[in-house]
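Structural overview
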Number of protein chains: 2
Amino acid sequence: MRATYLYGAGDVRVIDVPEPTIKQPADALVRVVRACVCGSDLHPYHSMPASDAGTSMGHEFIGVVEEVGAEVTTLRAGDFVIAPFAISCGRCEFCRAGLQTSCALGGFWNDAGLGTGGGQAEAVRVPFADGTLVAVPGVDAGTDDARLASLLTLSDVYGTGWHAAVRGGVTEGSTVTVIGDGAVGLLAVLSAARLGAERIVLMGRHQVRTDLGREFGATEVVPQRGPEGIAQVRELTGGGSPIVLEAVGHRPAYDQAVGIVRPGGVISRVGVPQYEEAPIGFGSLFLPNITLTGGPAPVRAYIEQLLPAVLDGTLNPGRVFDRTVALDDVPKAYAAMDDRTALKVAVRP
Amino acid sequence: MRATYLYGAGDVRVIDVPEPTIKQPADALVRVVRACVCGSDLHPYHSMPASDAGTSMGHEFIGVVEEVGAEVTTLRAGDFVIAPFAISCGRCEFCRAGLQTSCALGGFWNDAGLGTGGGQAEAVRVPFADGTLVAVPGVDAGTDDARLASLLTLSDVYGTGWHAAVRGGVTEGSTVTVIGDGAVGLLAVLSAARLGAERIVLMGRHQVRTDLGREFGATEVVPQRGPEGIAQVRELTGGGSPIVLEAVGHRPAYDQAVGIVRPGGVISRVGVPQYEEAPIGFGSLFLPNITLTGGPAPVRAYIEQLLPAVLDGTLNPGRVFDRTVALDDVPKAYAAMDDRTALKVAVRP
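Please read these numbers as outputs of a predicted model, since none were measured by experiment.

The next thing to look at is the domain arrangement of chain A. Residues and elements named next belong to chain A. With domains assigned, chain A is organised as domain 1 (2-156 + 298-348) and domain 2 (161-294). Averaged C-alpha coordinates put domain 1 and domain 2 at centres separated by 27 Å. Each partner contributes residues to the interface: domain 1 has 19 residues there, and domain 2 has 20 residues. For the domain 1 and domain 2 pair, buried surface summed over both sides reaches about 1600 Å², with 66% attributable to carbon and sulfur atoms. Area buried by domain 1 at its contact with domain 2 is led by H43, R319 and L343, which between them contribute 33% of it. Here domain 1 is connected to domain 2 by one salt bridge. Ionic pairing is found between E215 and R319, a salt bridge with its closest N-O pair at 2.8 Å.

Spelled out as structure tokens, the structure:
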């Protein structure tokens, strides 16, 4: 089959690899209906050292179960499924607590230990299929593109935006600032609105994106960055935003979050940090009693809750997709997202 | 009157200064009954550059109101009061929200802007007296030493330990690890126990202190530090502590907190950070969805709640005091706390 591999910064290739097979009794084999490229895929796309072996790519996909191992009880061939970006056993303490990204046995796609391939491929072997996958009755590979796109967001970006808002403590009447107008930032806006936020300031400078952000619920848009953007948000919010959702992951976005958060407030991060050390001392987080929270979203814990409004068409988070490519064109998808001519690209194998 | 000034690292002097007077109509003048030396006073005691002017010291005291300004409505001469370590107007958004340490108009003792002196003195001018001070009926300067010591902890260390536990989310049945066996660490233990924690691991290596910690509610004591201490706590807690209360402020204590916290858990800091940057990236806080919270305790918000059990003798947080000195002996108090021959020293002016 064809599958996507990254061989170093900027070097994405779609290559022939062996078809995956069931290896463990808890495995399922899923034929991919849609996959996509994530903002976080751009981090290794920018920085990965050259590698002869390469690494398989993609951690968001929806598809149809082709075969299940002997121990799989909740799925069978033909089921339409959403695959969260983390593999989870479904049984350990962390899975039971809804923190599947810390599963004691699980891991992530392209994981050497679990021997899994990535989702930007024709098919994927899914370990711990009962714990990992969520079946969606009434949907199949022939479902219309818009619905499939929205279902695909449940494998990562919608659940991630939701996690940002939930961890940020967004509730009825909240004032929230979202940093970043990528797919996750926009879906953090949607999530904050869904949780009842009254004011949602979106920091982003790509008007096509921020326009979608307004449709998703943003009440104000601040295109400025750095000190100017901070001053703008502090003025708009009368001294700082009680809740800041950081959906970028670069250090300047963190510094911006610290700059705009109100004393006693919360910074909830879901952008994968591209830094390790950052200011958290007396002058930044401590004196104003700021809470820093967030992390990779346990989207598996959120899918059942978010699914109904997607299925009945109340919400269309799939609008973050503005392009669809064939699998062999995935390198173009990376390039388009990298130069920001595309917001988020779906892949149709 | 006599007052304590710090002129540089290790250089504490008790000098003659003018008696404070009422300067603003919201001021009160308080004759100090007991003051004390704080663990956080040791930070400038270690590192302050030499200064000819010096800086007045002390931010914890209880005393008797001697005189009030024309606008003071809740206090009068003769009232016994607890002074929190932060000055707060009592009316702004942050005071009303119980975050008096972020008061829009207030500040801290020894504040150049507010023109306040420190509490390690015979008398103190208190700005925003209605918002700052808490009157305690039925107590006077002649109350027994043990009761006075417990009341004095409400000006900082007990409220600070309580803040750590509250921000850490301690509740019935919690497993908590407290880093630090100073007065704040021990009172974080007491607070966690009071909030219903079932297991309280205390990390500290001074047996006199950890013995008091056990009396306050610690169920286990880990004297080891660094990797050895981390391994010990991870083993005791079966993979990490869901709640970590950090009551030291030095960088190794933060690193220890990161090392022992369980995925999905909380690090609540109340030790004043002696570092600005520290690891918060993918491998430290992000991947395991750790929440970092805490800051200077708004003790003013907690005093009324904590007072009854102190007044009726149910709790004796004042047991953290193991020495009392006269005001002129304050330099000895700093030295004794610095070389750890004293846990916490009360000052009787």
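The strands that make up a sheet are held in pairs by hydrogen bonds between backbone atoms, and each pair lies either parallel or antiparallel. All names here are of chain B. Judged by pairing direction, the sheet is antiparallel, and its three strands sit side by side in the order β2-β1-β4 without closing on themselves. Strands with a single pairing partner mark the edges of an open sheet, and in this sheet they are β2 (12-16) and β4 (55-56). The pairing of strand β1 (residues 2-6) with β4 spans two bridges and is antiparallel. Within β4, the position partnered with L6 by the bridge is T55.

Residues and elements named next belong to chain B. Relative orientation of the contacting elements helix α4 (residues 145-153) and helix α11 (residues 299-311) amounts to 165 degrees, with a least axis distance of 10 Å. By the angle between their axes, α4 is roughly antiparallel relative to α11. With respect to the hand of their crossing, α4 and α11 are arranged in right-handed fashion. For the pair α4 and α11, the contacting residues are R147, S150 and L151 in the first and L307, V310 and L311 in the second.

Residues and elements named next belong to chain A. Read from one edge to the other, the open sheet built from three strands follows the order β2-β1-β4, with strand pairing classed as antiparallel. Only two strands of the sheet have a single partner each, and these edge strands are β2 (12-16) and β4 (55-56). Inspection of the sheet shows strand β1 (residues 2-6) paired to β2 by five bridges, in the antiparallel sense. Bridged to L6 within β2 is V12. Across the sheet, helix α12 (residues 330-338) touches β1 and β2, and the angle it forms with β2 is around 165 degrees.

Glancing now at the relation of the copies chain A and chain B. With an RMSD of 0.0 Å, the fit of chain A onto chain B corresponds to turning through 180 degrees and sliding 0.0 Å along the axis. The superposition operator between the copies reduces to a two-fold rotation axis. The position closest to the rotation axis in chain A is occupied by the C-alpha of L292 of chain A, lying 2.5 Å away. Comparing contact sets, 100% of the residues at the interface of chain A also lie at the interface in chain B, consistent with an isologous, same-surface contact.

Moving on, we get to the state of the cysteines. All names here are of chain A. Scanning all chains against the criterion turns up zero disulfides over all chains. C89 provides the cysteine sulfur closest to C103, a residue in no disulfide bond, and the two sulfurs are 3.6 Å apart. Among the residues examined, C103 registers a relative accessible area of 11% and is labelled buried.

What follows concerns the packing of aromatic side chains. Summed over the entire model, instances satisfying the criterion amount to 12 aromatic pairs over all chains. Lying across the ring of Y7 of chain A, R13 of chain A places its NZ or CZ 4.0 Å from the centre.

All names here are of chain B. A full pass over the atoms with the stated rule returns 34 salt bridges over all chains. Between R2 and D328 there is a salt bridge whose closest N-O contact spans 3.0 Å. Note that R2 is positioned in strand β1 and D328 in the loop between β18 (323-326) and α12 (330-338), a separation of 326 residues in sequence. For R2, a relative accessible area of 25% gives the class partly exposed. Classification of D328 as partly exposed rests on a relative accessible area of 45%. D145 serves as the salt-bridge partner of R348, at 3.2 Å between the closest nitrogen and oxygen. In this pair, R348 is assigned in strand β19 (residues 345-348) and D145 in helix α4, connecting sequence segments 203 residues apart. On the basis of relative accessible area, D145 is assigned to the partly exposed category, the value being 39%.

Residue and element names in this part refer to chain A. Tallied over the full model, the rule gives one cavity of 30 Å³ or more. Here the largest cavity is characterised by a volume of approximately 40 Å³. As for the largest cavity, its lining consists of P84, F85, A86, Q100, T101, A297, P298, V299 and R300. Of the residues contributing to the lining of the largest cavity, the split by class is six nonpolar, two polar and one charged.

Moving on, we come to the UniProt feature "domain: Alcohol dehydrogenase-like C-terminal" (unreviewed entry) in chain A. Under the UniProt annotation, the feature "domain: Alcohol dehydrogenase-like C-terminal" (unreviewed entry) is placed at residues 183-297 of chain A. Spanning residues 183-297 of chain A, this segment combines 42% helix with 26% strand, and its end C-alpha atoms are found 14 Å apart.

Another aspect to go through is the pairing of β19 of chain B. All names here are of chain B. Of the pairings in the sheet, the one linking strand β3 (residues 28-36) to β19 comprises two bridges and is antiparallel in character. In the strand pairing of β19, A35 is matched with V347. Note that β18 and β19 share four bridges and pair parallel. Across the sheet, residue V325 finds its bridge partner in β19, namely V347. You can see the chain leave β18, run along α12 and come back into β19, and the turn it takes is right-handed.

Another point: the UniProt feature "domain: Alcohol dehydrogenase-like N-terminal" (unreviewed entry) in chain A. This chain's UniProt record puts "domain: Alcohol dehydrogenase-like N-terminal" (unreviewed entry) on residues 25-130 of chain A. Between the C-alpha atoms that bound residues 25-130 of chain A the distance is 11 Å, and the span itself is 11% helix and 29% strand.

This part covers helix α7 (residues 207-216) of chain B. Residues and elements named next belong to chain B. Within α7 the residues assigned to the buried category are R209, T210, L212, G213 and F216. The arc enclosing the buried residues of α7, seen along the axis, measures out at 155 degrees, which places them on a common side. Residues Q207, V208 and E215 are exposed on α7 and point more than 90 degrees away from its buried face. Buried residues along α7 sit in contact with α6 (183-194), β12 (199-203) and β13 (220-222). At the exit of α7 stands G217, carrying a positive phi of roughly 135 degrees.

All names here are of chain A. With respect to the helices and strands, T4 occurs in strand β1. Side-chain polar atoms of T4 contact the backbone oxygen of Q120, separated by 2.8 Å. Non-local contacts of T4, meaning those with residues more than four positions away in its chain, are made with V12, R13, V14, T55, S56, M57, Q120, L327, V330 and Y334.

Time to look at the interface of chain A and chain B. At the interface, 40 residues of chain A touch 40 residues of chain B. Carbon and sulfur atoms supply 54% of the area buried between chain A and chain B, which totals about 3100 Å² over both sides. Area buried by chain A at its contact with chain B is led by I280, F286 and N289 of chain A, which between them contribute 23% of it. The interface formed by chain A and chain B holds four salt bridges in total. Of the charged contacts, one joins E277 of chain A and R251 of chain B as a salt bridge, the two residues approaching to 3.3 Å between their closest N and O atoms. Where chain A meets chain B, there are 26 residue pairs in polar contact (both at pLDDT 80 or more). Of all elements in the fold, only α2 (93-96), α5 (157-167), α9 (251-260), β15 (261-269), β16 (277-279), α10 (282-286) and β17 (291-294) of chain A reach the threshold of two or more residues within the side of chain A that touches chain B. Per-element tally for the side of chain A that touches chain B: the top contributor is α10 of chain A, with five residues. In terms of residue class, the side of chain A that touches chain B is built from 20 nonpolar, 13 polar and seven charged. Pairing analysis gives three bridges linking β16 of chain A to strand β16 (residues 277-279) of chain B, with the strands arranged antiparallel.

Calculation rules
Residues numbered from 1 in each chain as written. Chains lettered and ligands numbered in written order. Predicted model: local features only at pLDDT ≥ 70, side-chain atom pairs only at ≥ 80, totals over all residues. Heavy atoms only, no water. Domains from an automatic or database assignment. Contact = heavy atoms within 4.5 Å. Buried area = accessible area lost by both parts, 1.4 Å probe. Salt bridge = Lys/Arg side-chain N within 4 Å of Asp/Glu carboxyl O. Pairing = 2+ DSSP bridges. Helix = DSSP H or I, 4+ residues; strand = E, 2+ residues; numbered from the N terminus. Axes fitted to C-alpha atoms, helices over the stretch in contact; angles between N-to-C directions. Parallel < 35°, antiparallel > 145°, perpendicular 65-115°, else oblique. Left-handed = near helix turned anticlockwise from the far one by under 90°. Least-squares fit on C-alpha atoms with pLDDT ≥ 70 in both. Disulfide = S-S within 2.5 Å. Buried < 20%, exposed > 50% of the residue type's maximum accessible area, 1.4 Å probe, protein only. Phe/Tyr/Trp six-rings, centres within 6.5 Å; stacked < 30°, edge-to-face > 60°. Lys NZ or Arg CZ within 6 Å of the ring centre and 35° of its normal. 1 Å grid on protein atoms, 1.4 Å probe; cavity = no way out; pocket = protein on both sides within 12 Å on 5 of 7 lines; lining within 4 Å. Points joined across faces, edges and corners; volume = space filled by probe spheres on them. Nonpolar A, V, L, I, M, F, W, Y, C, P; charged D, E, K, R; others polar. UniProt positions renumbered as here; feature names shortened; annotations may be inferred. Right-handed = clockwise from strand over helix to strand, strands pointing away. Arc of directions from axis to C-beta. Polar contact = N/O pair within 3.5 Å; in protein donor to acceptor, adjacent residues only side chain to side chain.

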